[in-house]
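Residue-level structure breakdown
Each chain, letter by letter, is given below.
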Amino acid sequence: VQLVESGGGLVQPGGSLRLSCAASGFTFSSYRMRWYRQAPGKERELVAGISSAGGITNYADSVKGRFTIRRDNAKNTVYLQMNSLKPEDTAVYYCNAVKLPLDYWGKGTLVTVSS
């Protein structure tokens, strides 16, 4: 099982990034997918989630209206489009696949929002 995040980097406030998470080794279309983030010195928090078929999404209040999660089950990939980025969005972003009791994590990708 592998979840490999990509797309992180340094961006100025107000900018955009798109994160990708490529999955392999399990039946991707059967799993709910989530993006979490962990900022330095803080606990990991849920950013966004999407149902297995993609019809239901949910977001943390702090990112609503700015971030969009979507998935492509044909490509075994989940995305997080991040717009209007703020310095407080700086964190390591992790991809998570859940089909209880199974729970898989990627190693994360660093997003830094700074001028």
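The following refers to the structure shown.

What counts and what doesn't
Residues numbered from 1 in each chain as written. Predicted model: local features only at pLDDT ≥ 70, side-chain atom pairs only at ≥ 80, totals over all residues. Heavy atoms only, no water. Disulfide = S-S within 2.5 Å. Helix = DSSP H or I, 4+ residues; strand = E, 2+ residues; numbered from the N terminus. Buried < 20%, exposed > 50% of the residue type's maximum accessible area, 1.4 Å probe, protein only. Salt bridge = Lys/Arg side-chain N within 4 Å of Asp/Glu carboxyl O. Pairing = 2+ DSSP bridges. Phe/Tyr/Trp six-rings, centres within 6.5 Å; stacked < 30°, edge-to-face > 60°.

**Some points on the state of the cysteines**
Across all of its chains, the model carries one disulfide by this definition. The residue that forms a disulfide with Cys21 is Cys95, at a sulfur-sulfur distance of 2.1 Å. On the S-S bond that ties Cys21 to Cys95, the torsion sits near -85°, and the link is left-handed. Residue Cys21 is located in strand β3 (residues 17–24), and its partner Cys95 is located in strand β9 (residues 91–99); the two are separated by 74 residues in the primary sequence. Comparing Cys21 with Cys95 shows no difference in burial state: the two are buried.

**Topic: the pattern of salt bridges**
Taken as a whole, this structure holds four salt bridges when the rule is applied. Between Lys64 and Asp61 there is a salt bridge; the shortest N-O distance is 3.2 Å. Accessibility expressed as a relative area gives 49% for Lys64, which makes it partly exposed. The partner of Asp89 in a salt bridge is Arg66, and the shortest N-O contact between them spans 2.7 Å. Here the residue Asp89 occupies a position in the loop between β8 (77–82) and β9, and Arg66 occupies one in the loop between β6 (57–59) and β7 (67–72), the gap between them amounting to 23 residues. Among the residues examined, Asp89 registers a relative accessible area of 0% and is labelled buried. The exposure class assigned to Arg66 is buried, which follows from its relative accessible area of 10%. Shared partners join several salt bridges into a network, and the residues in it are Arg37, Glu45, Arg66 and Asp89.

**A closer look at the environment of Ala97**
Looking at the element boundaries, Ala97 is found in strand β9. In sequence terms Ala97 and Trp35 are 62 residues apart; their C-alpha atoms lie 9.0 Å from each other.

**Quick notes on the pairing of β7**
On any regular strand, side chains alternate: one points to one face of the sheet, the next to the other face. Residue alternation in β7 divides its side chains into a buried set, Phe67, Ile69 and Arg71, and an unburied set, Thr68, Arg70 and Asp72. Relative to β8, β7 runs antiparallel, the two sharing six bridges. Across the sheet, the residue bridging to Thr68 is Gln81, located in β8. What sits between β7 and β8 in their antiparallel hairpin is a turn of four residues, with Asn76 showing a positive phi close to 55°.

**Notes on the packing of aromatic side chains**
Scanning the model with the defined rule gives five aromatic pairs in all. Between Phe26 and Tyr31, the aromatic rings sit 4.7 Å apart at their centres with planes inclined by 65°, giving edge-to-face as the arrangement. For the residue pair Phe26 and Tyr31, the accessibility class agrees, reading buried in each case. Ring geometry for Tyr36 versus Trp105: centroids 4.9 Å apart, planes at 55°, classification tilted. Taken together, the positions of Tyr36 in strand β4 (residues 32–38) and Trp105 in strand β10 (residues 102–105) put the pair 69 residues apart, joining distant regions of the chain. The structure contains a cluster of three or more aromatic residues connected by ring pairs, namely Phe26, Phe28, Tyr31 and Tyr104.

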